Amino acid sequence: MVRLTAAKHNAKKLFRIENKGRLLVKLEEKMARLVLICDGDNLVTHKLGNITTIGRAPLNHIVIDNPAVSAQHAIIGRSADSYRLKDLDSTNGTQVNGVFITDVELKDGDKIRFGSVVAVFAGCCRKG
């Protein structure tokens, strides 16, 4: 069992990730985020807008400086109360919960892999 906890200073946001076969993310704020897991234990969070581009190039909204990530790797778009992830024909692909995808609706707690970089989607519309 892997347990990582990080609290952001000067903010009332608390993130907790537990690995029990699937990554879960709990947020105290109701805004969708992408939580990047860097160097095994550092968590970097990014608020998601209506359209969020992800890749190695500096013009992306979320820049991932890793050679396994394409310059324009993927895009996350908001549609009403849901978010969709689309791979932009990246070299190493995008996976959601271990499955390569081209276009998928994201669910809270989905584990996303951009090349070799892992992230977790923290949705704003939690159920139950």
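Here, residues in each chain are numbered from 1, in the same order as that chain's written sequence. A pLDDT threshold of at least 70 governs which residues receive local features in this predicted model, and a stricter bar of 80 or more applies before side-chain atom pairs are shown or counted, although totals over entire chains, interfaces and linings include all residues. In computing side-chain properties, one takes all heavy atoms of the structure into account and sets aside hydrogens as well as water.

### A short note on the confidence of the model for the protein
Per-residue confidence for the protein averages 80 on the pLDDT scale, and 73% of its residues sit at or above 70. Think of pLDDT as the predictor's per-residue confidence, scored from 0 to 100. Throughout, a contact is declared for two residues whenever any of their heavy atoms are within 4.5 Å. Between residues 1–29, whose pLDDT stays under 50, and residues either more than four places distant or in other chains, the model counts 63 contacts.

### With respect to the pairing of strand S6 (residues 51–55)
Along S6, four of the five residues are buried, which leaves the element largely enclosed by surrounding structure. Pairing of S6 with strand S8 (residues 74–79), which is carried by four bridges, proceeds in the antiparallel orientation. Across the sheet, residue Ile54 finds its bridge partner in S8, namely Ala74. The rule is simple: take the accessible area with a 1.4 Å probe, protein chains only, and divide by the maximum for that residue type; under 20% is buried, over 50% is exposed, in between is partly exposed. Put simply, DSSP marks the helices as runs of H or I at least four residues long and the strands as runs of E at least two long, and each gets a number from the N terminus on. When DSSP finds two or more bridges between a pair of strands, those strands are recorded as paired.

### What to know about the side chain of Asn60
Here Asn60 shows up in the loop between S6 and strand S7 (62–63). Contacts described as polar in this section are N or O atom pairs within 3.5 Å, which, within protein, must combine one atom able to donate a hydrogen with one able to accept it, while residues neighboring in sequence count only if both atoms come from side chains. A distance of 3.4 Å separates the side chain of Asn60 from the side chain of Thr53, its partner in a polar contact. Not counting chain neighbours up to four residues away, the residues in contact with Asn60 comprise Thr53, Ile54, Gly55 and Ala71.

### Some words on the sheet that holds strand S13 (residues 111–114)
Reading across from one edge, S5-S4-S14-S13-S10-S11 is the order of the six strands in this open sheet, with antiparallel pairing throughout. For this open sheet the edge positions go to strand S5 (42–47) and strand S11 (99–101), each flanked by a neighbour on one side alone. Across the sheet, the mean angle separating the axes of adjacent strands is 30 degrees when strand polarity is ignored. Taken together, the four bridges between S13 and strand S14 (residues 117–122) define a ladder with antiparallel strand orientation. Its bridge partner lying in S14, Arg113 is registered against Val118. To define axes, lines are fitted to C-alpha atoms, for helices over the stretch in contact only, and angles between the resulting N-to-C directions are given on a 0 to 180 degree scale.

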